[in-house]
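If you want the building blocks of each chain, they are given just below.
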Amino acid sequence: MTQAKFSVTESHIRFLDDHSRFGFKDKSTMVRTALDELEKKLKTKELIESAELYNQLYTEDSDLAELTESALIDWPKE
């Protein structure tokens, strides 16, 4: 596994020192899990923002709405 060097605050160190209390075998596992969770959260946020933008475009552009509806007519139900 690749190693990285970074700085954290004293409170982060104290939190990481409690890794076993939270069910982690070591500090590295705790940090990797936290980074994975942050990545998921940021990707979800990005997808939501994208969906909101598409929704805004769809509701403001009647031609796009009509085109989308016409394409759905022949779409298989199941």
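Structure's up top.
Source: prediction; values computed, not measured.

Asks: Tell me about the overall build of the protein chain, residues and numbers included.
Replies: Each helix and strand counted, the protein chain has 3 helices and 0 strands in total. Counted from the first residue to the last, the protein chain has its helices and strands arranged as α-α-α. Here the C-alpha atoms of the protein chain give a radius of gyration of 23 Å, more than 25% beyond the 12 Å that 2.2 N^0.38 yields for 78 residues. The C-alpha extent of the protein chain, read off along each of the three principal axes, is 60 × 30 × 25 Å. The buried share of the protein chain, reckoned over its 78 residues, is 6%. Carbon together with sulfur atoms contributes 57% to the accessible area of the protein chain, which is approximately 7,500 Å² in total. If you average the places of the 11 positive and of the 17 negative side-chain charges in the protein chain, the two averages end up 17 Å apart.

Asks: So what about the packing of aromatic side chains? Which residues, and what values?
Replies: If you walk through the whole model with that rule in mind, you get 1 aromatic pair. Relative to F22, the ring of F15 has its centre 5.3 Å away and its plane inclined at 50 degrees; by these criteria the two rings are tilted. F15 sits in the partly exposed class, given a relative accessible area of 45%. Overall, the relative accessible area of 39% leaves F22 in the partly exposed class.

Asks: Explain helix α3 (residues 62–73) to me, and be specific about the residues and the numbers.
Replies: Between its terminal C-alpha atoms α3 stretches 17 Å, which fits the 16 Å expected from 12 residues at 1.5 Å a residue. Residue D61 occupies the N-cap position of α3, its side-chain oxygen lying 3.1 Å from the main-chain nitrogen of D63.

Asks: Pulling in residues and values, what's your account of the packing of helix α1 (residues 10–17) against helix α2 (residues 27–60)?
Replies: Taken N-terminus to C-terminus, the directions of α1 and α2 make an angle of 110 degrees; their axes are 9 Å apart at the nearest point. Between α1 and α2, the angle is such that the two are roughly perpendicular. From α1, F15, L16 and D17 reach across to α2, where they touch K27, M30 and V31. Residue composition of the contact of α1 with α2, grouped by class: 4 nonpolar, no polar and 2 charged.

What counts and how
Residues numbered from 1 in each chain as written. Predicted model: local features only at pLDDT ≥ 70, side-chain atom pairs only at ≥ 80, totals over all residues. Heavy atoms only, no water. Helix = DSSP H or I, 4+ residues; strand = E, 2+ residues; numbered from the N terminus. Rg over C-alpha atoms; globule rule 2.2 N^0.38 Å. Buried < 20%, exposed > 50% of the residue type's maximum accessible area, 1.4 Å probe, protein only. Areas by Shrake-Rupley, 256 points an atom, 1.4 Å probe, with all protein chains shown as cover. Lys, Arg positive; Asp, Glu negative; His and termini not counted. Charge placed at Lys NZ, Arg CZ, Asp CG, Glu CD. Phe/Tyr/Trp six-rings, centres within 6.5 Å; stacked < 30°, edge-to-face > 60°. Expected span 1.5 Å × (residues − 1). Polar contact = N/O pair within 3.5 Å; in protein donor to acceptor, adjacent residues only side chain to side chain. Axes fitted to C-alpha atoms, helices over the stretch in contact; angles between N-to-C directions. Parallel < 35°, antiparallel > 145°, perpendicular 65-115°, else oblique. Contact = heavy atoms within 4.5 Å. Nonpolar A, V, L, I, M, F, W, Y, C, P; charged D, E, K, R; others polar.

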